[in-house]
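Summary of structural features
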Amino acid sequence: MFCVDTNVALYYKDLLDVANLYFGLEEASLTPEGCQFIVEHRCVQEDGQWVQRCRLLRGGETAAQGERRDPIKGDGVVQLNRFRRRYAKLCLYEMLKNYFGYGQLWGGLTGIRPTKLVRQLEWEGMSFDQALDYMNRVFDVSPEKLALVRRIHSAQQGIYQWGDDSCFDVYVGIPFCRTRCLYCSFFSAAAGKESLLEEYTDALCREIGEMGRHMAGQGKRVRTIYMGGGTPTALGDARLERVLAAVNETFGRVREFTVEAGRPDTVTPNTFPMLRRMGVDRVSINPQTMNARTLQVIGRDHTPQDIVRAYGWARQAGIPSVNMDMIVGLPGETPDDVADTLRELEKMEIDNLTVHTLAIKRSSKLHERLKDYALPSGEDAVRMLEAAESSAVARGMEPYYMYRQKYMRGNLENVGYALPGKACVYNVDMMEETHSILGLGAGSMSKRMFFEREFHSRLAAPKDVATYLHSQEQLLREKKEFFTWAE
Ligand code: SF4
């Protein structure tokens, strides 16, 4: 057990993220009692500088310490805090790196998407190359990860125009799943109760119509639509068609329309023809692994053959773009298992491959029963990720978006690969925070961009379906206010 003790309470979580790079899944305690390690951080102002001092105590003795001094800079509270937080984290990272004797592939970078940091550094006056150089020198990001950032930056050229406030993206949430996956922390309801599914469909269609009219009244256009979950196809074909009809009636034709058909046991031979008829041009079928044994371990109710069959139905229906998600680092899997999954996926002509690294989320069943599962080492996770990248590149795909989560095996990343011209615009918009997002449905997150202030604010819808249904009036009022632009 370890604990973090800082004199700037605002930075506690940031410092905890950095400590987790080295203490992994060890439980962090709020108090020092019983802790093997205590991480101390103090920030003070001295001689017109910020001074960060970190100390690592082991068994009550000082095991390591570090200090850094930086000029006080930044206009306004947001920027001042951004710099001071950055320096505090870097001071701690350097000390832990020296103590443990090794760095991280992403260096001391936590809590910010690498591509977003590049943009922040560009705002601070650096060129793209200078920003990468700074990430290497100051954040200790490895050359291979910087090369990935460079490829993603290049793949995103032409997809968005920074600062475009004339349009927005739409996210529609269907928070139902047939069963709960072992690693899932998402709050989804069981898809078994017909009356609840009906009630939810009615409420969602109403929200789509009301918010669509409101946004049109604000003079904003829709750019892309993404329907995720949960598992949207768990609604059943007829209800899903009703939601899609409401979407079409409200928003009309858009640049890209994705529906997640994540679990193949939720689709029928009629699902994809219906999706195509309703204007859907991208679907995501998510095997995670093509290993039958692992599918059982992670709580999936289907076989690898079901995935192949669902893929065939999607293609027969003429869906122009098919994505598949896979996860590296699943319980009991070896690099050979991942190689098998990649070989099976290569037999299907998919347009996008999204490679996730297993993240052990605190509210997942996996976290609760961690001792019962053999997880691949961080080194094996790196090899698996490299194999997935080689497979994607050999298929002519390029990485086009990336994000990182807490508690990932090997502190790695999730990467989306796409064939040329097939990058998912919504994914780029969402990860790079390029447009406002109108979130509809339970558990959805709406995001409003304020480009001139380099700032965005968020509005979360209740995750619990019953709460969403009961609070819809109030939610609609809040959402309309949230998305009202001044004249
Ligand atoms: S399909 Fe996705 S949302 Fe549903 S339980 Fe599995 S991981 Fe969670």
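Residues numbered from 1 in each chain as written. Predicted model: local features only at pLDDT ≥ 70, side-chain atom pairs only at ≥ 80, totals over all residues. Heavy atoms only, no water.

1. A word on the site of the ligand
Inclusion rule: Distances are taken per atom, and a residue is near a molecule or strand as soon as one of its heavy atoms is within 4 Å of it. The residue classification treats Ala, Val, Leu, Ile, Met, Phe, Trp, Tyr, Cys and Pro as nonpolar and Asp, Glu, Lys and Arg as charged. All others, Gly included, are polar.
If you check the shell around the ligand, you find C177, T179, R180, C181, Y183, C184, F186, G230, T231 and R263 and nothing else. Residue composition of the shell around the ligand, by class: five nonpolar, three polar and two charged.

2. Looking at the side chain of K479
Under the convention used in this document: By definition, any uninterrupted DSSP run of H or I lasting at least four residues is a helix, any uninterrupted run of E lasting at least two residues is a strand, and each is numbered from the N terminus. Partly exposed residues are those whose accessible area sits between 20% and 50% of the maximum for their type, while under 20% is buried and over 50% is exposed, using a 1.4 Å probe and protein chains only. Counted as a polar contact is a pair of N or O atoms within 3.5 Å, where, for protein atoms, one must be capable of donating a hydrogen and the other of accepting one, and residues adjacent in sequence contribute only when both atoms are in side chains. We call two residues in contact whenever any of their non-hydrogen atoms come within 4.5 Å of each other.
Position of K479 relative to the elements: it lies in helix α16 (residues 472-482). The class of K479 is buried, set by a relative accessible area of 1%. Of note is the side chain of K479, whose polar atom sits 2.6 Å from the backbone oxygen of G439. Ignoring sequence-local partners within four residues, the contact set of K479 consists of E207, M211, L438, G439, L440, S444, S446 and L459.

3. Here we look at the environment of D337
Here D337 is to be found in helix α11 (residues 335-346). Given a relative accessible area of 11%, D337 falls into the buried group. In the structure, D337 is positioned 22 residues away from R315 in sequence and 26 Å away in space, judged by C-alpha atoms. Residues contacting D337, with those up to four places away along its chain left out, are N291, R293 and G332. At 2.9 Å, the side chain of D337 and the backbone nitrogen of T334 are in polar contact.

4. Some remarks on the domain arrangement of the protein
Heads up, the rule is: For every domain, the bounds stem from an assignment made automatically or drawn from a database. Two parts placed together each lose some accessible area under a 1.4 Å probe, and the buried area is that loss summed for both. Just to be clear on terms, a salt bridge is a Lys or Arg side-chain nitrogen sitting within 4 Å of an Asp or Glu carboxyl oxygen.
Taken domain by domain, the protein holds domain 1 (1-102), domain 2 (104-145) and domain 3 (167-440). A separation of 36 Å is found between the C-alpha centroids of domain 1 and domain 3. Overall, the association of domain 1 and domain 3 removes approximately 590 Å² of surface from exposure, summing both partners, and the carbon and sulfur fraction of that is 51%. Across the domain 1-domain 3 interface, the total number found is zero salt bridges. Applying the counting rule to domain 1 against domain 3 returns zero residue pairs in polar contact (both at pLDDT 80 or more). In the side of domain 1 that touches domain 3, the residues fall into two nonpolar, one polar and three charged.

5. A word on the pairing of strand β15 (residues 414-418)
Counted only if it meets this: When DSSP finds two or more bridges between two strands, those strands count as paired.
With five of its five residues buried, β15 lies for the most part within the structure. Alternating positions in β15 separate into two faces, N414, G416 and A418 on one and V415 and Y417 on the other, with burial throughout. Sheet topology places strand β13 (residues 352-357) next to β15; four bridges connect them, and they run antiparallel. Within β15, the residue paired with L353 across the bridge is Y417.

6. A short note on the pattern of salt bridges
In total, this model carries 39 salt bridges according to the counting rule given. A salt bridge links E67 to R53, with the shortest nitrogen-to-oxygen separation between them at 3.0 Å. Note that E67 is positioned in strand β5 (residues 61-71) and R53 in strand β4 (residues 49-58), a separation of 14 residues in sequence. Taking the relative accessible area as the measure of exposure, E67 reaches 44% and is therefore partly exposed.

7. Considerations on the pairing of strand β1 (residues 2-6)
For β1, a buried count of four out of five residues is recorded, marking the element as mostly surrounded by other parts of the structure. In the sheet, β1 pairs with strand β3 (residues 37-46) via five bridges, with the strands oriented parallel. Within β3, the residue paired with V4 across the bridge is V39. Bridging between β1 and strand β2 (residues 28-29) involves two bridges; their strand directions are parallel. Bridged to F2 within β2 is A28.

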